[in-house]
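Chain residues, written in single-letter form:
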Amino acid sequence: MAGLSDTRPAPTVTPGDPEAKPWRALWALVLGFFMILVDSTIVSVATPVIMRHFDADVNLVVWVTSAYLLAYAVPLLITGRLGDRFGPKNLYQAGLVVFTLASLWCGLTGTIEQLIIARVLQGLGASMMTPQTMAVITRIFPADQRGRAMSLWGAVAGIATLVGPIAGGLLIDGPGWQWIFFVNVPVGVVGFVLAGRLVPRLETHRHRFDLVGVVLSAVGMFCLVFGIQEGQTYHWGMIIGPISVWLLIIVGVLVLAAFVLWQAKQAGEPLVPLGLFADRNFSLANLGIGAVGFAVTAMGFPLMLYTQSVLGYSPTQSALLMGPMAVMSIILARFVGRLTDRMHPRYLAGFGTFTVAVSLFWLSRVMAPGAPVWQLLLPITLLGLGSSFMWSPLGTSATRNLPLQRAGAGAGVYNTTRQVGSVLGSAGIAALMQSRLVAHLPQLSGGHGGMAETATQLPEPLRAGFAAAMADALLLPAGVILLACLASMFFATPRHLVSEDS
């Protein structure tokens, strides 16, 4: 625990300072970042197995992911500031301890409710870690090298969302679904030691913390997500007493609007410094990453349910379908990183997001009961190509022009936006899947979202309707990610490219 108890005064580290040893520090940090992103996606492949193990319906199992994402997203606004105040290294290590212990609890739980609670604690640990990675990149890399640094960060984000399902499938078919959580324990220990040795101590800044803002954002997000995700369960009507689904959604929107107004009126240090959005690229990158977070989270659920419930694939076989995506991301990571420092981000991010939208639409058109594997692998490979070009340009555009003293706040806002998109993606896809099942297979869903029977391969007469419902649902992330493509088209030329041209 030396990293947490180190009380020596932290030296000031300036961008490009060789004493910072930036690449060693970044490699240490991305190990933990990789682990928490894997946990954002790994549960999707385990959904049918967890449904069967706990005899739960899909809506309750989706909360295993939604609770994690919600607990991850809301505190990010303040954990970025905490990193500025107490040092990104210290907060990263503290979050890693929380995340690792929560992972152990997840694997030991005996009920679905306990698993959801343990996932909340996991999300809190993840929220302490994530902003510190981007903040360190901004503070120890010079502006003209941040593209390569962010390409590593972006490649890790992309590969983690692809490796997560593959690793999940292998663990589920091997030692059991609990090991998708147990595996985090040794990784967490190694990550803690590496961070203690390789991550430099950075200058800290005193901050005030907007607790009212935290409460408003938490309440607003919970009401909005619960209303969207549980809408079909309650027939979009009354939940209990005078509380209806639509009332919750409206309250959520109004509370979030009040949160924005509160931030605008804060004279000192608001939770979300709205002045950050004066930077055009920061604003557009936040819109883009929100859409990307939505799409990447949403696409996993219908695809994994289709492959296991309709095609009869094992979790490992389903996950291995995503192999071409991981391979493409690994092959192209360095190439895209170099391009990010040399080319306008609108071309890179625009190409990547548009390609992802096309691939998801293509995939939805071939999701049929008798689809041969090659028909699925072609759009999935294209999906890997597109995802390789979107993470790094978006992340670099968001942070490249930020002043160093606002690095923590900017990283917190950017990662919050990504996680909010993921939360809404999880809720939105759950609602749409149930809605399309009601339309295509009313005898299966019964209108109540009871889908535990889909945890195993369906009888042949039900497969066509189920496949059609999952294909319809996949159109949602395909459409949403086009918002990221649109945002990319309006990126301004980065300052380092302007100075090179002049």
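Peer 1: How should the overall build of the chain be read in this particular structure?
Peer 2: Scanning the chain from N- to C-terminus turns up 21 helices and 2 strands. For the chain, with 502 residues in total, the buried portion stands at 60%. Within the chain, counting contacts between residues at least 6 apart in sequence, those at least 24 apart form 86% of the total. In the form shown here, the chain has an accessible surface area of approximately 18400 Å², with 68% of it arising from carbon and sulfur atoms.

Peer 1: Sorry, what's going on with the environment of serine 488 here?
Peer 2: Here serine 488 shows up in helix 20 (residues 460–488). You can call serine 488 buried: its relative accessible area is 0%. With residues near it in sequence (within four places) discarded, serine 488 still touches Arg346, Ala349, Gly350, Thr353 and Leu394.

Peer 1: Would you mind showing me how to read the environment of valine 199 here?
Peer 2: Following the sequence through the fold, valine 199 ends up in the loop between helix 9 (184–198) and helix 10 (211–230). Setting aside its immediate chain neighbours within four residues, valine 199 contacts Ala25, Ala28, Leu29, Lys89 and Leu194.

Peer 1: When you look at the packing of aromatic side chains in this model, what are you seeing that I'm missing?
Peer 2: The way to describe two aromatic rings as a pair is by their centre distance and the angle between their planes. In the structure shown here, the tally under the stated rule is 6 aromatic pairs. A ring pair is formed by phenylalanine 351 and phenylalanine 389, whose centres lie 5.2 Å apart and whose planes are at 85 degrees; its orientation type is edge-to-face. Residue phenylalanine 351 is found in helix 15 (residues 345–366), and its partner phenylalanine 389 is found in the loop between helix 16 (373–388) and helix 17 (391–399); the two are separated by 38 residues along the sequence. Over the ring of tyrosine 347 we find arginine 346, and its NZ or CZ is 5.9 Å from the ring centre. Over the ring of phenylalanine 361 we find arginine 365; its NZ or CZ atom is 5.5 Å from the centre of that ring.

Peer 1: Would you mind going over the packing of helix 12 (residues 280–309) against helix 20 with me for this structure?
Peer 2: The packing of two helices is summarised by the inter-axis angle and the distance between the axes. Two elements in contact, helix 12 and helix 20, have axes whose closest approach is 8 Å; the angle formed by their N-to-C orientations is 165 degrees. Here helix 12 lies roughly antiparallel to helix 20, going by the angle between them. Viewed along their axes, helix 12 and helix 20 form a crossing whose handedness is left-handed. Split by residue class, the contact of helix 12 with helix 20 holds 23 nonpolar, 2 polar and no charged.

Peer 1: Mind showing me how you'd approach helix 11 (residues 245–265) here?
Peer 2: What sets the pattern is the α-helix's 3.6 residues per turn: residues three or four places apart point alike. Over its 21 residues, helix 11 extends 31 Å from the first C-alpha to the last, a length consistent with the 30 Å expected when each residue adds 1.5 Å. Within helix 11 the residues assigned to the buried category are Val245, Leu248, Ile249, Gly252, Val255, Phe259 and Gln263. Mapping the buried residues of helix 11 onto a view down its axis gives an arc of 130 degrees, with all of them on the same face. Opposite the buried face of helix 11, at more than 90 degrees from it, the exposed residues are Leu254, Leu261, Ala264 and Lys265.

Peer 1: What is the right way to look at the pattern of salt bridges in this model?
Peer 2: Where charged atoms from two side chains of opposite charge come close, those side chains can pair. For the structure shown, the criterion picks out 1 salt bridge. Two residues, aspartate 472 and arginine 436, come together in a salt bridge whose shortest N-O distance is 3.1 Å. Placement of the pair is aspartate 472 in helix 20 and arginine 436 in helix 18 (residues 407–440), with a sequence separation of 36 residues.

Peer 1: Mind showing me how you'd approach the side chain of asparagine 281 here?
Peer 2: In this structure, asparagine 281 sits in helix 12. Taking relative accessible area as the criterion, asparagine 281 reaches 4% and is therefore assigned buried. For asparagine 281, the side chain forms a polar contact with the main-chain nitrogen of alanine 492, separated by 2.7 Å. In contact with asparagine 281, other than residues within four places in its own chain, are Ser397, Ala398, Phe491 and Ala492.

Peer 1: Please explain the nonpolar core as it appears in this structure.
Peer 2: Across soluble globular proteins, nonpolar side chains have a tendency to be buried as a group. In terms of nonpolar packing, the biggest core is built from 135 residues, with Ile50, Leu115, Val292, Tyr306 and Met470 touching the most fellow members. The biggest single contributor to this core is helix 2 (residues 22–54), with 18 residues. Those residues in contact with isoleucine 50 that sit more than four places away from it in its chain are Val43, Asp55, Val61, Ile112, Leu115 and Trp177. Counting 5 residues, the second largest nonpolar core, distinct from the first, contains Leu332, Val336, Leu339 and Leu348.

Peer 1: Can you help me understand the environment of asparagine 401 in this one?
Peer 2: When you line up the elements, asparagine 401 lands in the loop between helix 17 and helix 18. Separated by 119 residues in sequence, asparagine 401 and phenylalanine 282 place their C-alpha atoms 8.3 Å apart.

Peer 1: Looking at this structure, how should I read the confidence of the model for the chain?
Peer 2: Taken as a whole, the chain shows an average pLDDT of 81; of its residues, 85% reach a score of 70 or greater. This model gives residues 1–19 a pLDDT under 50, and the stretch forms 38 contacts once residues within four places in sequence are excluded. In the predicted structure, residues 445–455 sits below a pLDDT of 50 and forms 33 contacts with residues beyond four places in sequence or in another chain.

Peer 1: Help me understand the side chain of aspartate 279, please; the structure alone is not making it clear to me.
Peer 2: By secondary structure assignment, the location of aspartate 279 is in the loop between helix 11 and helix 12. Of the polar contacts made by the side chain of aspartate 279, one reaches the backbone nitrogen of asparagine 281; its length is 3.2 Å.

Peer 1: For this particular structure, what's the right way to read the packing of helix 15 against helix 20?
Peer 2: Two elements in contact, helix 15 and helix 20, have axes separated by 8 Å at closest approach and are oriented at 165 degrees. Put simply, helix 15 runs roughly antiparallel to helix 20. Like other packed secondary-structure pairs, helix 15 and helix 20 cross with a definite hand, here left-handed. Counted together, Arg346, Ala349, Gly350, Thr353, Phe354, Val356, Ala357, Leu360, Phe361, Leu363, Ser364 and Arg365 of helix 15 and Ala471, Leu474, Leu475, Pro477, Ala478, Ile481, Leu482, Ala484, Cys485 and Ser488 of helix 20 form the full contact between these two elements. When its residues are assigned to classes, the contact of helix 15 with helix 20 shows 16 nonpolar, 4 polar and 2 charged.

About the thresholds
Counting from 1, residues in each chain are numbered in the order their sequence is written. pLDDT decides what is reported in this predicted model: residues at 70 or higher carry local features, side-chain atom pairs at 80 or more are listed and counted, and totals for whole chains, interfaces and linings draw on all residues regardless. Side-chain metrics in this entry use all non-hydrogen atoms of the structure; hydrogen atoms and water are not considered. A run of H or I in DSSP becomes a helix once it reaches four residues, and a run of E becomes a strand once it reaches two; helices and strands are each numbered from the N terminus. Exposure categories follow from relative accessible area, calculated using a 1.4 Å probe and restricted to protein chains: below 20% of the type maximum is buried, above 50% is exposed, and the middle band is partly exposed. Here, two residues are considered to be in contact whenever any of their heavy atoms come within 4.5 Å of each other. Computed with a 1.4 Å probe, the accessible areas rest on the Shrake-Rupley method; for each residue, only the protein chains presented here act as cover. Any two rings among Phe, Tyr and Trp, with Trp reduced to its six-membered ring, count as a pair given centres within 6.5 Å; such a pair is stacked if its planes are under 30 degrees apart, edge-to-face if over 60, and tilted if neither. Sitting over a ring, as applied to charges here, requires NZ of Lys or CZ of Arg to be within 6 Å of the ring centre and within 35 degrees of the ring normal. Inter-axis angles, ranging from 0 to 180 degrees, are taken between N-to-C directions of lines fitted to C-alpha atoms, where helices are fitted over the stretch in contact. Roughly parallel means an angle under 35 degrees; roughly antiparallel means over 145; roughly perpendicular covers 65 to 115; every other angle is labelled oblique. We call a crossing left-handed when the near helix sits turned anticlockwise from the far one by less than a right angle, and right-handed when that turn is clockwise. Note that Gly is not counted as nonpolar here; it falls among the polar residues with everything else outside the nonpolar set of Ala, Val, Leu, Ile, Met, Phe, Trp, Tyr, Cys and Pro and the charged set of Asp, Glu, Lys and Arg. Here the expected length of a helix is defined as 1.5 Å per residue gap, with one fewer gap than residues. For this quantity, the arc is that covered by the directions from the helix axis to the C-beta atoms. The rule for a salt bridge is simple: a side-chain nitrogen of Lys or Arg has to be within 4 Å of a carboxyl oxygen of Asp or Glu. Here a polar contact means two N or O atoms within 3.5 Å. Within protein one must be a hydrogen donor candidate and the other an acceptor candidate, and residues neighboring in sequence count only if both atoms are side-chain atoms. In these notes, a set of buried Ala, Val, Leu, Ile, Met, Phe, Trp, Tyr and Cys residues joined through side-chain atoms within 4.5 Å is what counts as a nonpolar core. Confidence of the predictor in every single residue is expressed as pLDDT, which spans 0 to 100.

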